[in-house]
Amino acid sequence: MSVPIPQPPTIPFIGNVTSLEREVPLRSFRLLAKTYGEIYQLDLLGQRILYVSSYKLVNEISDDTRFHKRVTGPLREVRNLVGDALFTAEDNEPNWGIAHRLLMPAFGTLAVKDMMEEMRDISNQLLLKVLGTVSTPTAYAPRSELLIPARFGPNAVIDPSDDFTRVALDTIAYCSMSHRLNSFYTDQQPEFAVAMGDFLRESGQRFVRPRILQAVMHGKTTKYQADIKTMKDLADQIVATRKSHPVPKHDLLDIMLNSRDPKTGQAMTEQSIAENLLTFLIAGHETSSGMMSFMVYFLLKNPEKMRKLRTQIDEVLGDRPIQYEDITKLPYLIAVMRETLRLAATAPIRQTAALEDTTIGGGKYSIKKGAPILVLVWELHRDPAVWGDDAEEFRPERMLDGKFEALPPNAWQPFGHGFRACIGRAFAWQEVCLVMASVIQRFDLSFVDPSYNLEIKQTLTVKPKDLYIRASLRADAV
Ligand code: MNH
């Protein structure tokens, strides 16, 4: 027999909305999970939403034959910019299928391998900014080396989220459409990056804001529309320019313009191409940049892990720049990355729904077809049933020596699940390896405030809040 799904007390008309923190809803969702357990429901402005957090239940609903991605909440708002592009499409929208079939191979490991030097070009801009040095001149030394205007010194206070966002955004723009955003050349973030940040934040806010309030907030709406236009105009312009002036480059834009869907023979429309370019920028920068910031945090909090990682980097790389082939020789780096995404999945929630009326938990909870279910990945990634009593500890060793491969299915899912899982995983992985190995190889990092403890900020993704660091050339550098 099924039992009622726990729910905090509601207030007439607005339901549970007052249970939620405006700035960091994730914090409220997690607290409620501690109080109400592996599944609970909230009534948000007339919509009932389920929150699932235990491994057992998440594993059961991670099943493409019974559950599928649902595009509601903030993700629905993101459609205001990118429509039915990959990330925000419902499964049954034809443009999702076309883009998915065309782009899966283009984001595969082999294709991404060829982007290594373009990624390095951008990553070098970060290294140059920090101390004006790319330690070893190489065949790959970027032209930008000559152009860097301002160089930071060891006393500069660095906001890692800010700089990693520049790296991630510039990397995805350069690799996917050969467009240089040049975020490192300006003190202020470029207009496009600001528009995107504001758009994502506002998309999240619109979701928790009562409709009636939304209707009277003209200023916010005008700004929201203006940000959308800024981004659309750039994407349209990039597509139009490439169409009129083809370049001999096989980047993602080229693939989208010149390939046909193997199944239907259809080409992508110009609108769909522009919306997918914007999707790469949205999906591909905050997630990766947040991941790098969290990694810095965990390594600074756990100096013995940092030492272990650097020892391995030194042994494998010495003072030469990391190459693609090195990545598999750095298992501790991979373990640190996996453990970072376990404790701080930068996409902290995914949304799913049952394809038919059903029950989960051995008949315990009944679930209505289509009712939105949120998977609380941060809770999933701490379930003691999988991770043990030290689940809160940053311990990359639990991801080493075959232990990662031996995890129960669906226990670690920072990249989502099933056929709607992340298409950019190989891309992000290579990018983060390159950037983080290069940074740790060259710099000593430290907290500005040694007593700093992790706080998060949330838009569509999460990042550390008020984390500031310093970087100096390694004291033990040769
Ligand atoms: Mn990514 C989907 C996490 C990097 C492009 N990504 C997802 C999902 C998660 C996710 C989780 C599933 C969302 C859902 O179920 O609604 N992504 C990440 C993380 C990183 C990341 C943690 C980095 C770290 N993602 C990237 C990069 C790109 C990218 C880099 C692009 C270049 N991601 C996507 C796209 C989708 C996606 C596109 C949607 C895929 C689909 O639904 O078909």
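Asks: Would you mind going over the site of the ligand in detail, with residue names and values included?
Replies: Near the ligand, the surroundings consist of 24 residues, among which K69, W96, I172, R420 and C422 are the closest. Within the backbone of L86, an N or O atom sits 3.2 Å from an oxygen atom of the ligand. With respect to the ligand, the side chain of W96 contributes an N or O atom lying 2.8 Å from an oxygen atom. Looking at the shell around the ligand, the elements that each hand over two or more residues are helix 12 (270-301) and helix 17 (425-442). The greatest single-element share of the shell around the ligand, amounting to five residues, is contributed by helix 12. Taken together, the residues that form the shell around the ligand break down as 15 nonpolar, six polar and three charged.

Asks: Can you tell me about the coordination of the manganese atom of the ligand, naming the residues and giving the values?
Replies: In this structure the manganese atom of the ligand is ligated by exactly one protein donor, C422 (SG), at 2.4 Å. Relative to the assigned elements, C422 resides in the loop between helix 16 (384-387) and helix 17.

Asks: Provide a residue-level description of the packing of helix 7 (residues 160-177) against helix 17, including the pertinent values.
Replies: Where helix 7 meets helix 17, the axes come as close as 12 Å, and the angle between the chain directions of the two elements is 130°. In terms of orientation, helix 7 lies oblique with respect to helix 17. Handedness of the helix 7/helix 17 crossing: right-handed. Contact with helix 7, carried on its side by F164, V167, A168, T171, I172 and C175, involves F427, E431, V435 and M436 of helix 17 and no other residues of that element.

Asks: Lay out the nonpolar core with the relevant residues and their values.
Replies: The tendency in soluble globular proteins is for nonpolar side chains to be buried side by side. Judged by nonpolar contacts, the single largest core of 136 residues is most densely connected at L103, F199, F280, L281, W412 and L445. Element by element, the count of residues in this core is highest for helix 12, at 16 residues. Setting aside residues up to four positions removed in sequence, L281 forms contacts with L169, I172, A173, M177, F192 and M196. One finds A33, L42, Y51 and L374 within the second-largest nonpolar core, a separate group that totals 12 residues.

Asks: Summarise the sheet that holds strand 2 (residues 47-52); cite the residues concerned and give the values.
Replies: Here five strands make up an open sheet; going across it, the order is 1-2-7-4-3 and the pairing mixed. Each end of this open sheet is capped by a strand with a single partner; those strands are strand 1 (39-44) and strand 3 (67-69). If you compare each strand with its neighbour and ignore which way they point, the axes differ by 35° on average. In terms of strand pairing, strand 4 (residues 349-354) meets strand 7 (residues 373-376) through four bridges, oriented antiparallel.

Asks: Provide a residue-level description of helix 14 (residues 331-343), including the pertinent values.
Replies: Helix length check: helix 14, at 13 residues, gives a terminal C-alpha distance of 18 Å against a target of 18 Å (1.5 Å per residue), a fit within 8%. Counting buried positions over the 13 residues of helix 14 gives 12, a clear majority of the element. Here helix 14 has its buried residues at Y332, L333, I334, A335, V336, M337, R338, E339, T340, L341, R342 and L343. Contacts from the buried residues of helix 14 go to helix 12, helix 13 (303-317), helix 15 (377-380), helix 16 and helix 17.

Asks: Pulling in residues and values, what's your account of the environment of N80?
Replies: Along the chain, N80 falls in helix 3 (residues 73-82). Placed 145 residues apart in sequence, N80 and Q225 show a C-alpha to C-alpha distance of 9.0 Å. Apart from residues lying up to four places away in sequence, N80 is in contact with R206, Y224, I228 and K232.

Asks: A description of the pairing of strand 4 should follow, citing residues and the corresponding values.
Replies: Within strand 4, five of the six residues are buried, leaving the element largely enclosed by the surrounding structure. Two elements, strand 3 and strand 4, share three bridges in a ladder whose sense is antiparallel. From the neighbouring strand, F67 faces strand 4, where its bridge partner is A354.

Criteria and cut-off values
- Residues numbered from 1 in each chain as written.
- Predicted model: local features only at pLDDT ≥ 70, side-chain atom pairs only at ≥ 80, totals over all residues.
- Heavy atoms only, no water.
- Near = heavy atom within 4 Å.
- Polar contact = N/O pair within 3.5 Å; in protein donor to acceptor, adjacent residues only side chain to side chain.
- Helix = DSSP H or I, 4+ residues; strand = E, 2+ residues; numbered from the N terminus.
- Nonpolar A, V, L, I, M, F, W, Y, C, P; charged D, E, K, R; others polar.
- Donors = N, O, S within 2.8 Å, 3.2 Å for Na, K, Ca; no water.
- Axes fitted to C-alpha atoms, helices over the stretch in contact; angles between N-to-C directions.
- Parallel < 35°, antiparallel > 145°, perpendicular 65-115°, else oblique.
- Left-handed = near helix turned anticlockwise from the far one by under 90°.
- Contact = heavy atoms within 4.5 Å.
- Core = buried A, V, L, I, M, F, W, Y, C linked by side-chain atoms within 4.5 Å.
- Buried < 20%, exposed > 50% of the residue type's maximum accessible area, 1.4 Å probe, protein only.
- Pairing = 2+ DSSP bridges.
- Expected span 1.5 Å × (residues − 1).

That is the geometry; function is a separate question.
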